Amino acid sequence: MFKRIMIVCVGNICRSPTAEHLLRIALAPSEVVVSSAGLSAVKSKPIEATANAVLQEHGHSMPEHISTQLTATAINESDLILVMEQHHIGAVLNLAPEARGKVFLLGKWQDNREINDPYRQGKPAFVHAYALIDAAVNAWAQRIKR
């Protein structure tokens, strides 16, 4: 059973906070702690405005989010680490090589689908990323709840 799940992207202002929020909802009620961080986090920033707007359009009210930098400690304290792109796996393992075996793509259950960064690409990119994140989160939630 997973007790702590970390979701990772680059800036921790678009994809990972969206996935964190959706996974937390998908696993409720649950004792699982879901958090997120960035490989190169935009320090102490809220969720990006367009990402937040897309969440709201899908009926979600995002609680306050402050971007966080990923650390080796956070990696080691997590039971499962979900990343957006294949090269993120290597970046996580560079920080904490001992995490091998617990780092996977969020899109693992969709043929290892990567979820590209929508940052500064306009609303259609955010809508597309949201759809991919939502599908991936639901696939993980079904497996975690078993």
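Whatever comes next refers back to the structure up there.
Basis of the calculations
Residues numbered from 1 in each chain as written. Predicted model: local features only at pLDDT ≥ 70, side-chain atom pairs only at ≥ 80, totals over all residues. Heavy atoms only, no water. Helix = DSSP H or I, 4+ residues; strand = E, 2+ residues; numbered from the N terminus. Rg over C-alpha atoms; globule rule 2.2 N^0.38 Å. Buried < 20%, exposed > 50% of the residue type's maximum accessible area, 1.4 Å probe, protein only. Contact = heavy atoms within 4.5 Å. Areas by Shrake-Rupley, 256 points an atom, 1.4 Å probe, with all protein chains shown as cover. Lys, Arg positive; Asp, Glu negative; His and termini not counted. Charge placed at Lys NZ, Arg CZ, Asp CG, Glu CD. Salt bridge = Lys/Arg side-chain N within 4 Å of Asp/Glu carboxyl O.

**So, the overall build of the chain**
Reasoning step 1: Counting secondary structure elements, the chain contains five helices and four strands.
Reasoning step 2: Each helix and strand of the chain, ordered N terminal to C terminal, gives the series β-α-β-α-α-β-α-β-α.
Reasoning step 3: In summary, the chain has a C-alpha radius of gyration of 14 Å against a globular reference of 15 Å for 146 residues, a match within 12%.
Reasoning step 4: Expressed along its principal axes, the backbone C-alpha trace of the chain runs to roughly 40 × 30 × 30 Å.
Reasoning step 5: With 146 residues in all, the chain has 49% of them scored as buried.
Reasoning step 6: Partitioning the contacts of the chain with sequence separation of at least 6, the portion at a separation of at least 24 is 71%.
Reasoning step 7: Element-wise, carbon and sulfur atoms account for 51% of the exposed surface of the chain, whose accessible area totals about 7,300 Å².
Reasoning step 8: Once the 15 positive and 13 negative side-chain charges of the chain are each reduced to a mean point, those two points are 3 Å apart.

**Regarding the pattern of salt bridges**
Reasoning step 1: In the structure shown here, the tally under the stated rule is four salt bridges.
Reasoning step 2: The partner of Arg15 in a salt bridge is Glu85, and the shortest N-O contact between them spans 2.7 Å. Here the residue Arg15 occupies a position in helix 1 (residues 15-27), and Glu85 occupies one in the loop between strand 3 (80-83) and helix 4 (86-95), the gap between them amounting to 70 residues.
Reasoning step 3: Given the relative accessible area of 1%, Arg15 is considered buried.

**A word on the environment of Ile66**
Reasoning step 1: Looking at the secondary structure, you find Ile66 in the loop between helix 2 (49-57) and helix 3 (72-77).
Reasoning step 2: Note on Ile66: relative accessible area 41%, which makes it partly exposed.
Reasoning step 3: Filtering out sequence-adjacent residues up to four positions away, Ile66 remains in contact with Asn12, Ser44 and Lys45.

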